[in-house]
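These are the residues of each chain, in order.
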2 protein chains.
Amino acid sequence: MKPRHATAVLLGCLCLPALAQFQTPEAAIKYRQGAFSVMGAHFSRLAMMTQGIQPFDAKSATENAELVGNLARLPFTAFGPGTDKGAPNRSRDEVWKEAAKFKAAAEKMVADVGKLEAAAKGGDFETLKAAVGVVGKSCKSCHDDFRGARRE
Amino acid sequence: MKPRHATAVLLGCLCLPALAQFQTPEAAIKYRQGAFSVMGAHFSRLAMMTQGIQPFDAKSATENAELVGNLARLPFTAFGPGTDKGAPNRSRDEVWKEAAKFKAAAEKMVADVGKLEAAAKGGDFETLKAAVGVVGKSCKSCHDDFRGARRE
């Protein structure tokens, strides 16, 4: 039980200052939705390049990947206790009930985004395409487990 | 008339690729609202420090100022023609009717945010406090002129 307890303490440490950063649950919900929205837009631009829908441009790819990198950690500071309600949102109860699993999923995404940034800076199309695929799977996996129907 | 014409051409050049980046007006509106929301949250953390509501921490101030700097340009890529409707928003018609004035206000804010980042990195509290005040005035001025009642 010791590792599980340690994880719980660590999660507590991570969540409390995060919650303190927001005045209200509504502010936290809008912040995380905003961060996901902007991050998603820039990730989509990368995906459109690697899928051949838009022409590949190494400079633009790097700019978009850096923005995704700058934003990736932010939303997870805004899932503190009590932020399941306060504004319409799609977070499932599992975000808080399975907090360690959610945290692991968030950390995997952030790590995958780090590799995405490196791939974009490297300038090789196939490497970037593979990295976009890995991040896309991270997004989908977390959405499957933790994002549900809209609730008020 | 030549400078005015040149400005109109420049604005056209800036707006068209920006619009092309979004699939729908709704996507553009959500993107700019998201960017403003996240930027506003990090700017508020700086303002809370310089107003003495939160303790001053130079490292945290720099992180927040860098995030504001990363985000400052983004919303203005999402005010392309036809994005006045498509999702609830508070943009006034003046955003498009007085496009040159809006662009100048946006550029002033971005320049002020550049000074804010430099001030935060410098680590001097009074310099940062002054820079936060200047950016706050930029925000307010633009909101006064270009942000109105919510419309569907």
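Check the entry above for the structure.
Residues numbered from 1 in each chain as written. Chains lettered and ligands numbered in written order. Predicted model: local features only at pLDDT ≥ 70, side-chain atom pairs only at ≥ 80, totals over all residues. Heavy atoms only, no water.

Caption draft 1: Layout of the pattern of salt bridges. Residues and elements named next belong to chain A. Counted according to the given criterion, the structure contains 26 salt bridges over all chains. Between K59 and E63 there is a salt bridge, and its shortest N-O distance comes to 3.1 Å. Separated by four residues within a single helix, K59 and E63 lie in helix α3 (residues 58–71), roughly one turn from each other. Residue classification places E63 among the partly exposed positions, given a relative accessible area of 42%. We note a salt bridge from K108 to D112, for which the minimum N-O separation is 2.6 Å. Within this pair, K108 and its partner D112 are both found in helix α5 (residues 99–122), separated by four residues, close to a single helical turn. Through salt bridges with shared partners, a single ionic network connects E66, E117 and K121. (Salt bridge = Lys/Arg side-chain N within 4 Å of Asp/Glu carboxyl O. Helix = DSSP H or I, 4+ residues; strand = E, 2+ residues; numbered from the N terminus. Buried < 20%, exposed > 50% of the residue type's maximum accessible area, 1.4 Å probe, protein only.)

Caption draft 2: Quick look at the packing of helix α2 (residues 25–50) of chain A against α3 of chain A. Residue and element names in this part refer to chain A. Packing of α2 against α3 leaves a shortest axis separation of 9 Å and a crossing angle of 150°. Relative to α3, α2 is oriented roughly antiparallel. Both α2 and α3 take part in a crossing whose hand is left-handed. Residue-level inspection shows V38, M39, H42, F43, R45, L46 and M49 of α2 in contact with α3, the latter providing S60, A61, N64, A65, L67, V68 and L71. Residue composition of the contact of α2 with α3, by class: 10 nonpolar, three polar and one charged. (Axes fitted to C-alpha atoms, helices over the stretch in contact; angles between N-to-C directions. Parallel < 35°, antiparallel > 145°, perpendicular 65-115°, else oblique. Left-handed = near helix turned anticlockwise from the far one by under 90°. Contact = heavy atoms within 4.5 Å. Nonpolar A, V, L, I, M, F, W, Y, C, P; charged D, E, K, R; others polar.)

Caption draft 3: Main features of the interface of chain A and chain B. Taken together, the contact pairs 17 residues of chain A with 17 residues of chain B. Both faces combined, the contact of chain A with chain B buries some 1,300 Å², and carbon together with sulfur accounts for 60% of it. If you sort the residues of chain A by the area they bury against chain B, Y31, V38 and R45 of chain A come out on top, with a joint share of 36%. Linking chain A to chain B there are zero salt bridges. For the pair chain A and chain B, the number of links is four residue pairs in polar contact (both at pLDDT 80 or more). Put simply, the parts of the chain that give the side of chain A that touches chain B at least two residues each are α2 and α3 of chain A. It is α2 of chain A that contributes the most residues to the side of chain A that touches chain B, 10 residues altogether. Its residues assigned to classes, the side of chain A that touches chain B shows nine nonpolar, six polar and two charged. (Buried area = accessible area lost by both parts, 1.4 Å probe. Polar contact = N/O pair within 3.5 Å; in protein donor to acceptor, adjacent residues only side chain to side chain.)

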